[in-house]
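# Chain and residue survey
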Amino acid sequence: NEHFTLRAIYENTNRDVINLSEEALAKAAMQPAARFYDEAARKSDRATLILELTPTEDLGFNLSVAHGKDDYQKGDPEQEFGLLNNKSTAYTVGLYYAPSQKVNFGVDYGYEKFEALQESRNANPAPDPSWTDPARNWTLNNDDKVNTFTAYLNLVKPIAKTDIRASYDYNDSDQTFLHGGPRIASLAAANQFLALPNITNQWQRATIDVRYNISAKVGLGAAWWYEKADVEDFSTVNTAGPQTLPVPALGPQTDTARIDWLGTLLTGYGNRPYSGNTVFVRMFYFF
């Protein structure tokens, strides 16, 4: 059908480990049932559905859905610790409209969700009995949600010899950490457990790009970018500390971020919220 396109994709991948040495893991003071995610056996499935609809020559819609899962325990039933499974789901929807050869614009929205389950054991090395004690096991569920929005407008010669393009991009994510297992329960009961705070990111950029054609071969261009990023993670918290561990001596909590130098171990890294303006001036020569 000239107005309708549908694509469906299914992928299945099985990865095996050859010559796995649990003795080598033991020599490295690791649990023999632990695996490294980048080399562990796994079974992966992913399905994607893409729909494109063009009811008229100047109007178009697109929709896509994708879901995938990496299962490490199915790949290796002997694995107990490390990354056990990882799931992702994504939805996107978009609109394109070109009412004339001189005007076209579009908008796109995407939603993504990522989930991961890890397990570990908090124990002293063998022969300490805690090494094989399942009551020392703890789990970590990672849940990350991401929203993406894009809009653009292209004007082809609305003024003689001049092209104008404008766009806006927005992205935000909220990552949650949920701890569980018997070890976490025992630490919480003893008031010795503090959960990791959420990691939030928000980034946006607006752009305007203008090009003027002096002749058939030479053109001049100017562009303006505005960017703004807001970040809160383990090393970037608000003025009075995170909600889970407020610091009264710092005063009331505000939305002003700071780097928590004393409460975080940094290895040459630190997220800093920022905003900025960038201006470009260009010359084009067409051969």
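Going by the structure above, here's the rest.
Residues numbered from 1 in each chain as written. Predicted model: local features only at pLDDT ≥ 70, side-chain atom pairs only at ≥ 80, totals over all residues. Heavy atoms only, no water.

## Section: a nonpolar patch on the surface
Cut-off, in case you're wondering: Residues qualify for a patch when their relative accessible area is over 30% and they have no salt bridge, like charges being joined within 9 Å and the nonpolar side chains of Val, Leu, Ile, Met, Phe, Trp and Tyr within 5 Å. Using a 1.4 Å probe, accessible areas were evaluated by the Shrake-Rupley method; residue-level cover was limited to the displayed protein chains. The term salt bridge refers to a pairing of a side-chain nitrogen on Lys or Arg with a carboxyl oxygen on Asp or Glu at a separation within 4 Å. Numbering goes from the N terminus for both helices and strands, where a helix is a DSSP run of H or I of at least four residues and a strand is a run of E of at least two. Relative accessibility decides the category of a residue: with a 1.4 Å probe and only protein chains considered, values under 20% of the type maximum give buried, values over 50% give exposed, and everything between is partly exposed.
Together, Phe 4, Leu 6, Leu 49, Leu 53, Phe 61, Leu 63, Val 65, Tyr 91, Val 93, Val 107, Tyr 109 and Phe 149 make up a nonpolar patch on the protein surface, roughly 980 Å² of accessible area in all. A total of three residues in the nonpolar patch trace back to one element, the largest contributor, which is strand S3 (residues 59–71). Structurally, the position occupied by Val 107 is in strand S5 (residues 103–121). Val 107 gets classed as partly exposed once you look at its relative accessible area, which sits at 32%.

## A few points about unusual backbone geometry
Here Ala 126 and Pro 127 are connected by a cis peptide whose omega angle stands at 10 degrees. Mapping Pro 127 onto the fold places it in the loop between S5 and strand S6 (137–159). In the Ramachandran plot, Asn 19 falls in the positive-phi region, its phi being about 60 degrees despite a non-glycine side chain. The residue Asn 19 is located in the loop between strand S1 (4–15) and helix H1 (22–27) in this model. With a relative accessible area of 73%, Asn 19 lands in the exposed category. The phi angle at Asn 191 is positive, at roughly 60 degrees, despite the residue not being glycine.

## A look at the environment of Val 107
Note the following rule: By definition in these notes, contact holds between two residues if any of their heavy atoms fall within 4.5 Å.
Separated by ten residues in the primary sequence, Val 107 and Tyr 97 place their C-alpha atoms 9.2 Å from one another. Contacts of Val 107, omitting those with residues within four sequence positions, involve Val 93, Gly 94, Leu 95, Phe 149, Thr 150 and Ala 151.

## Structural notes on the sheet that holds strand S12 (residues 274–285)
Short version of the rule: At least two bridges found by DSSP between two strands is the condition for calling them paired. For every element, the axis is a line fit to its C-alpha atoms; helices are fit only across the contacting stretch, and the angle between N-to-C directions ranges from 0 to 180 degrees.
Read from one edge of the open sheet, ten strands run S1-S2-S3-S4-S5-S6-S7-S8-S9-S12, paired in antiparallel fashion. Each end of this open sheet is capped by a strand with a single partner; those strands are S1 and S12. Each strand of the sheet is rotated relative to its neighbour by a mean of 10 degrees, with strand direction disregarded. The pairing of strand S2 (residues 42–56) with S3 spans twelve bridges and is antiparallel. Looking at the pairing, Ala 47 lines up with His 67 of S3.

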